[in-house]
Amino acid sequence: MPSFANPFAGNVDRKMSNAELMQALRLDIAGELEAIYLYESHYLATDDPAAKKVLADIRDEEKAHMGELITLMRYLDPKETELFLDGEGEVNEMLEDLRIDATPKPASGPTVGDLSE
Ligand SMILES: [Fe+2]
């Protein structure tokens, strides 16, 4: 939820170390997740087609932001990347055990281009 009561709450009064920046990025990712959660909740709570289309588009943009932040974290801290990949490998092993194809599929939902139609 937004907390705008203090307009200076998000300011950082100095340059951050990489470790501090990684912590800040974790907070930024949490913000993206919260935004995705809220847009999805509002998407599910309406039957208005225009509202659904706009909310889905914004929700998906937030998902892209999350991907950008995770990619930045992987660039800033290769050790963190190893851990991300460890987790990915563990899930892929479980999916293989279940004989589930884990190959990423192209998105089938609405895109930014859909809004111009
Ligand atoms: Fe965002």
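Conventions we followed
Sequence order sets the numbering: in each chain, residues are counted from 1 along the sequence as written. Local features in this predicted model are restricted to residues of pLDDT 70 or higher, and side-chain atom pairs are both shown and tallied only at a pLDDT of 80 or more, whereas totals for entire chains, interfaces and linings draw on every residue. Note on conventions: DSSP H or I runs of at least 4 residues are helices, E runs of at least 2 residues are strands, and numbering of each starts at the N terminus. Partly exposed residues are those falling between the two cut-offs: more than 12 but fewer than 20 other C-beta atoms within 10 Å of their own, whereas 20 or more means buried and 12 or fewer means exposed, with C-beta atoms placed from the backbone. Between the first and last residue of a helix there are one fewer steps than residues, each counted as 1.5 Å, and that sum is the expected span. On a range of 0 to 100, pLDDT expresses the predictor's confidence in each residue. An axis is simply a line fitted to the C-alpha atoms; with a helix, the fit covers only the stretch in contact. Between two such axes, the angle follows the N-to-C directions and lies from 0 to 180 degrees. For classification, angles of less than 35 degrees are called roughly parallel, those exceeding 145 degrees roughly antiparallel, those between 65 and 115 degrees roughly perpendicular, and all remaining angles oblique. Helix crossings get a hand from a simple test, with the near helix turned counterclockwise from the far one by less than a right angle marking a left-handed crossing and a clockwise turn marking a right-handed one. For this scheme, ten residues count as nonpolar: Ala, Val, Leu, Ile, Met, Phe, Trp, Tyr, Cys and Pro. Four count as charged, namely Asp, Glu, Lys and Arg, and the remainder, Gly too, count as polar.

Trainee: Help me out: how do you make sense of the overall build of the chain in this one?
Mentor: In terms of regular secondary structure, the chain is built from 3 helices and 0 strands. Secondary structure elements of the chain, listed N to C terminal, follow the sequence α-α-α. Within the chain, the fraction of its 117 residues that count as buried is 3%.

Trainee: Hey, could you run me through helix 3 (residues 78–97) in this one?
Mentor: Every α-helical turn comprises 3.6 residues, leaving residues that sit three or four positions apart pointing alike. Between its first and last C-alpha atoms helix 3 spans 29 Å; for 20 residues at 1.5 Å apiece the expected length is 28 Å, and the two agree. After helix 3 finishes, the residue Arg 99 shows a positive phi value of roughly 55°.

Trainee: How should I be thinking about the confidence of the model for the chain in this particular structure?
Mentor: Parts of the model with low pLDDT should not have their predicted coordinates read in detail. When pLDDT is averaged along the chain, the result is 90, and 89% of the positions lie at 70 or above. Per-element confidence in the chain ranges from a low mean pLDDT of 93 for helix 3 to a high of 97 for helix 2 (residues 49–76).

Trainee: Just to check I follow, could you spell out the packing of helix 1 (residues 18–44) against helix 2 for this structure?
Mentor: Close contact between helix 1 and helix 2 brings their axes to 9 Å; oriented N to C, the two are set at 165°. Accordingly, the angle class assigned to the pair helix 1 and helix 2 is roughly antiparallel. The chirality of how helix 1 crosses helix 2 is left-handed. In terms of residue class, the contact of helix 1 with helix 2 is built from 18 nonpolar, 3 polar and 7 charged.

Trainee: I keep staring at the environment of Asp 60 and nothing clicks. Help me out?
Mentor: Positionally, Asp 60 belongs in helix 2. On the basis of neighbour counts, which here come to 17 C-beta atoms within 10 Å, the residue Asp 60 falls in the partly exposed class. Residues Asp 60 and Ile 36, 24 residues apart in the sequence, show an inter-C-alpha distance of 7.6 Å.

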